[in-house]
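# Structural description and commentary
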Amino acid sequence: MTGYRKSELSFEDAKTRLTGYPCALVYQMSEVSFGKTEDITINWDELLEARFFSESGELHLFRCEKEWKAVEIEDAELADTADTGDIIGAGDIAGEIIGDTPKRTPGETMNESGGSDDKAEENYEKVTAVLLKNYQLAPKYRACGGELVVKEYLSEDEDGQVFVQLTRLCGIA
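Now for a look at the structure at hand. (Residues numbered from 1 in each chain as written. Predicted model: local features only at pLDDT ≥ 70, side-chain atom pairs only at ≥ 80, totals over all residues. Heavy atoms only, no water.)

### A few points about the overall build of the protein
We count it as follows: Segments assigned H or I by DSSP are reported as helices when at least four residues long, segments assigned E as strands when at least two residues long, and all are numbered from the N terminus. Each residue gets one of three labels from its accessible area relative to the maximum for its type: buried under 20%, exposed over 50%, partly exposed in between, using a 1.4 Å probe on protein chains only. Here, residues are in contact when the closest pair of their heavy atoms is within 4.5 Å. Areas reported here follow the Shrake-Rupley algorithm with a probe of radius 1.4 Å; residue values treat only the protein chains shown as occluding.
When its secondary structure is counted, the protein shows one helix and 13 strands. Walking the protein from its N terminus toward its C terminus, one meets helices and strands in the order β-α-β-β-β-β-β-β-β-β-β-β-β-β. The 173 residues of the protein split such that 43% are buried. If you take every contact in the protein between residues at least 6 apart in sequence, the share linking residues at least 24 apart comes to 52%. For the protein, the computed accessible surface area is about 9900 Å², with 47% contributed by carbon and sulfur atoms.

What follows is the structure, encoded as structure tokens:
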């Protein structure tokens, strides 16, 4: 079973965790920076939004009204080992479906041992499947790799319709 945990952090606490993520996409008033976190210089006075990411998680810094927010997403393998499905997609986009879980009630969360728990900060949100998509990078960003890998977490609603529950950056290929 596959899932993720979403945690809100203070902006100052988030700034201390940046080096834990090898890749970054940073939007500043004067430029957009993309590549290895260690190679990017951030002018905090010009920052508009930033995403620091790895295969297992993402740290997203953004403004909400007049306040800075930070959200961290951490992947989790819950109970069962994920199965790899078929490659889907065409052109510059290819996807791989990973995992298959039983239906869940919308909003239901699971803790690390697979049991339900009401403490949201200790819980992982279950998902039906994970879709990986590779997007070809513009030539000016290819120094660190040729493609941006994006992860979509898929779930089902009450009627069994699949929807994208969460999207995050997860790597450079």
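So much for the structure itself; the text now carries on.
### Looking at the pattern of salt bridges
Oppositely charged side chains are able to pair whenever their charged atoms sit close together. Inclusion rule: Salt-bridge detection follows one rule: a side-chain nitrogen of Lys or Arg within 4 Å of a carboxyl oxygen of Asp or Glu.
According to the stated counting rule, one finds nine salt bridges in the structure shown. E12 serves as the salt-bridge partner of K15, at 3.8 Å between the closest nitrogen and oxygen. With K15 and E12 both in helix α1 (residues 11-15), this residue pair falls three residues apart, about one helical turn. Between E152 and K133 there is a salt bridge; the shortest N-O distance is 3.3 Å. With E152 in strand β12 (residues 147-156) and K133 in strand β11 (residues 129-136), this residue pair connects regions lying 19 residues apart in the sequence. The pair E152 / K133 is uniform in exposure class, with both members buried. A single salt-bridge network, built from bridges that share partners, covers D13, R17 and E72.

### Comments concerning the pairing of strand β1 (residues 2-9)
Quick note on the threshold: What makes two strands pair is DSSP finding at least two bridges between them.
Burial analysis of β1 places six of its eight residues in the buried class, the great majority of the element. In terms of strand pairing, β1 meets strand β10 (residues 123-127) through three bridges, oriented antiparallel. Paired with T2 across the two strands is V127, which belongs to β10.

### Observations regarding the nonpolar core
Counted only if it meets this: Throughout this description, the term nonpolar core refers to a set of buried Ala, Val, Leu, Ile, Met, Phe, Trp, Tyr and Cys residues connected via side-chain atoms within 4.5 Å.
Residues V26, I42, L47, F52, L59 and L61 are the most contacted members of the largest nonpolar core, which totals 16 residues. Mapped onto this core, the elements with two or more residues apiece are α1, β2 (23-28), β4 (47-54), β5 (57-64) and β6 (67-77). The element contributing the most residues to this core is β4, with three residues. In this structure, I73, L132, V149 and Y153 belong to the second largest nonpolar core, which totals 10 residues.

### So, the environment of R17
What counts is decided by this rule: We define a polar contact as two N or O atoms separated by no more than 3.5 Å, with the added condition that, inside protein, one atom must be a possible hydrogen donor and the other a possible acceptor, whereas residues neighbouring each other in sequence contribute only through side-chain atom pairs.
Locating R17 in the fold gives a position in the loop between α1 and β2. The exposure class of R17 is partly exposed, given its relative accessible area of 33%. Along the backbone, R17 and L59 are 42 residues apart, and their C-alpha atoms lie at a distance of 8.3 Å. What R17 contacts, discounting residues up to four positions off in sequence, is L9, L59 and E72. Within the structure, R17 has its side chain in polar contact with the side chain of E72 (distance 2.6 Å).

### Focus: the state of the cysteines
Between two cysteines, a covalent bond joining their sulfur atoms is known as a disulfide. Quick note on the threshold: Cysteine sulfur pairs qualify as disulfides if the two atoms are within 2.5 Å.
Counted under the stated rule, the structure contains zero disulfides. For C23, which is in no disulfide, the shortest distance to another cysteine sulfur is to C144 and amounts to 7.2 Å. For C170, which is in no disulfide, the shortest distance to another cysteine sulfur is to C23 and amounts to 9.3 Å.

### A word on the packing of aromatic side chains
Two aromatic rings, taken as a pair, are described by how far apart their centres are and by the angle between their planes. Cut-off, in case you're wondering: In this scheme Phe, Tyr and Trp rings, the latter by its six-membered ring, pair at centre separations within 6.5 Å, and the angle between planes marks the pair as stacked below 30 degrees, edge-to-face above 60, and tilted otherwise.
Scanning the model with the defined rule gives four aromatic pairs in all. Taking 4.9 Å as the distance between ring centres and 55° as the angle between the ring planes, the aromatic pair formed by Y4 and Y153 counts as tilted. Residue Y4 is found in strand β1, and its partner Y153 is found in strand β12; the two are separated by 149 residues along the sequence. With respect to class, Y4 is no different from Y153; both count as buried. With a centroid separation of 4.9 Å and an interplanar angle of 25°, the aromatic rings of F11 and W68 are classed as stacked. Taken together, the residues span a long stretch of sequence, with F11 in helix α1 and W68 in strand β6 at a distance of 57 residues. Comparing F11 with W68, the two get one shared label, buried.

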